[in-house]
Amino acid sequence: MLLVAGFVFTYYTTWAILLPFFDASSPIHDYFPAREWAIRLPAFALVVGLSGIGFFIGSTIMKENRKKAQKAKLRAA
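Rules and cut-offs
Residues numbered from 1 in each chain as written. Predicted model: local features only at pLDDT ≥ 70, side-chain atom pairs only at ≥ 80, totals over all residues. Heavy atoms only, no water. Phe/Tyr/Trp six-rings, centres within 6.5 Å; stacked < 30°, edge-to-face > 60°. Lys NZ or Arg CZ within 6 Å of the ring centre and 35° of its normal. Patch = residues over 30% accessible without salt bridge, like charges linked within 9 Å, V, L, I, M, F, W, Y side chains within 5 Å. Areas by Shrake-Rupley, 256 points an atom, 1.4 Å probe, with all protein chains shown as cover. Salt bridge = Lys/Arg side-chain N within 4 Å of Asp/Glu carboxyl O. Helix = DSSP H or I, 4+ residues; strand = E, 2+ residues; numbered from the N terminus. Buried < 20%, exposed > 50% of the residue type's maximum accessible area, 1.4 Å probe, protein only.

A. A look at the packing of aromatic side chains. A full pass over the atoms with the stated rule returns four aromatic pairs. Among the aromatic side chains, those forming a connected cluster through ring pairs are Phe 7, Tyr 11, Tyr 12, Trp 15 and Phe 32. A cation sits over an aromatic face here: Arg 40 above Trp 37, 5.0 Å from the ring centre.

B. A nonpolar patch on the surface, seen in detail. A contiguous nonpolar patch, built from Leu 46, Leu 50, Ile 53, Phe 56, Ile 57 and Ile 61 and spanning about 620 Å² of accessible area, is present on the exposed surface. Mapping Ile 57 onto the fold places it in helix α2 (residues 37-76). Classification of Ile 57 as partly exposed rests on a relative accessible area of 44%.

C. Here's a closer look at the pattern of salt bridges. Under the counting rule described, the total for this entry stands at one salt bridge. Between Arg 40 and Glu 36 there is a salt bridge whose closest N-O contact spans 3.7 Å. A residue is classified by how much of its surface remains accessible, and Arg 40, at 44% relative accessible area, is partly exposed.

This is the structure in structure tokens:
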């Protein structure tokens, strides 16, 4: 897993930071998508990740509230 993370870091760093310094006719540009995707993909991953975290927290809070309501209902009965 560490090797994959290292590869992704190197690839993304080259794509986003070093690629603008190469001439547009350089063959290295053939190995990477358009530079606009260097921003779109991480932004999409961030939105999906934050949405997943928000969904998890919301569902946990709802489950806890249901448990509390059920306990209160049993005490009242």
